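# Results of the structural survey
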Amino acid sequence: ADADADAPVPLVRRIELLARSHLSSPGPERDAAAALCARLLTRPGLQPALREFIVWGAASLQGSRGDGAAAVGTASFLTVGIYTTLAAIFKLGHREELLPQLVHLGPLIAAPAALLGDSSVVRRKLGIKLLQRVALVFLPPRVAAWRYTRGARSLLLNLGG
């Protein structure tokens, strides 16, 4: 146990903790921290860190929801930061990597009526944005019929008709 305390913290974890600490800021650093978290956690190979962040974010949002709709102070800013980060994650992430994470957001996405009762317009907007992006992950992918298909590899075959 003593060896674990002396082990250096990995760089990804340090960056994530620094960004998390700024998610409760009222200024533009909150948006930068949300973008940093989203870009960092949607990188290939960081699914354990993504899962841990989503579990933490869902628990924090449930805790702030339990405090009532009129969350004040840092908790309100943290809620906005978490919603912004999760919406960006579900925008940037790949569907295959995000599908297993939806289980952790279950209580949040099961009761969208609670979002509509929120007194803050910003929290309501970001919560609905997150719900929309989660719903898009639930939908099966659809390949566009008009997308580019590669023709024959030979110019002579292409010109010959």
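Residues numbered from 1 in each chain as written. Predicted model: local features only at pLDDT ≥ 70, side-chain atom pairs only at ≥ 80, totals over all residues. Heavy atoms only, no water.

When helices and strands are tallied, the protein chain shows 10 helices and zero strands. The buried share of the protein chain, reckoned over its 161 residues, is 34%. Accessible area for the protein chain stands at about 9900 Å²; split by element, carbon and sulfur atoms hold 63% of it. (Helix = DSSP H or I, 4+ residues; strand = E, 2+ residues; numbered from the N terminus. Buried < 20%, exposed > 50% of the residue type's maximum accessible area, 1.4 Å probe, protein only. Areas by Shrake-Rupley, 256 points an atom, 1.4 Å probe, with all protein chains shown as cover.)

Turning next to the pattern of salt bridges. Inspection of every chain in the model, using the stated rule, returns four salt bridges. A salt bridge links E52 to R13; its shortest N-O distance comes to 3.1 Å. Remark: R13 occurs in helix α2 (residues 11–22) and E52 occurs in helix α4 (residues 47–66); sequence separation between them is 39 residues. Classification of E52 as partly exposed rests on a relative accessible area of 33%. For R13, a relative accessible area of 29% translates into the label partly exposed. Salt bridges here are not isolated pairs; linked through shared partners, they connect R13, E16, R20 and E52. (Salt bridge = Lys/Arg side-chain N within 4 Å of Asp/Glu carboxyl O.)

Next up on the list: the environment of H22. Tracing the backbone through its elements, the reader meets H22 in helix α2. A sequence separation of 12 residues divides H22 from A34, and the C-alpha atoms of the two residues are 8.5 Å apart. Not counting the four nearest positions on each side in its chain, H22 is found in contact with E29, R30 and A33. (Contact = heavy atoms within 4.5 Å.)

Another aspect to go through is the packing of α2 against helix α3 (residues 28–41). Following both chains from N to C, one finds α2 and α3 inclined at 150 degrees, their axes separated by 8 Å at the closest point. Judged by the angle between their axes, α2 and α3 are roughly antiparallel. You can see that α2 and α3 cross each other, and the crossing is left-handed. Of the residues in α3, those touching α2 at V12, I15, E16, A19, R20 and H22 are E29, R30, A33, L36, C37, L40 and L41. Of the residues that constitute the contact of α2 with α3, the class distribution is eight nonpolar, one polar and four charged. (Axes fitted to C-alpha atoms, helices over the stretch in contact; angles between N-to-C directions. Parallel < 35°, antiparallel > 145°, perpendicular 65-115°, else oblique. Left-handed = near helix turned anticlockwise from the far one by under 90°. Nonpolar A, V, L, I, M, F, W, Y, C, P; charged D, E, K, R; others polar.)

Within the secondary structure layout, R30 lies in helix α3. It turns out R30 is buried and unbridged, and the closest side chain with the opposite charge, D31, is 4.0 Å from it. Look past the residues within four positions of R30 in its chain and what remains in contact with it is H22, L23, S25, F77, V80 and G81. (Lys, Arg positive; Asp, Glu negative; His and termini not counted.)

On to α2, then. Spacing of three or four residues puts side chains on the same side of an α-helix, whose turn is 3.6 residues. Taking 1.5 Å of rise per residue, 12 residues should cover 16 Å, and α2 covers 17 Å from first to last C-alpha, within 8% of that figure. Turning to α2, its buried residues are E16, A19 and R20. Projected onto a plane normal to the axis of α2, the buried residues spread over an arc of 105 degrees and lie on a single side. Those residues of α2 that are exposed and angled more than 90 degrees off the buried face are L11 and L18. (Expected span 1.5 Å × (residues − 1). Arc of directions from axis to C-beta.)

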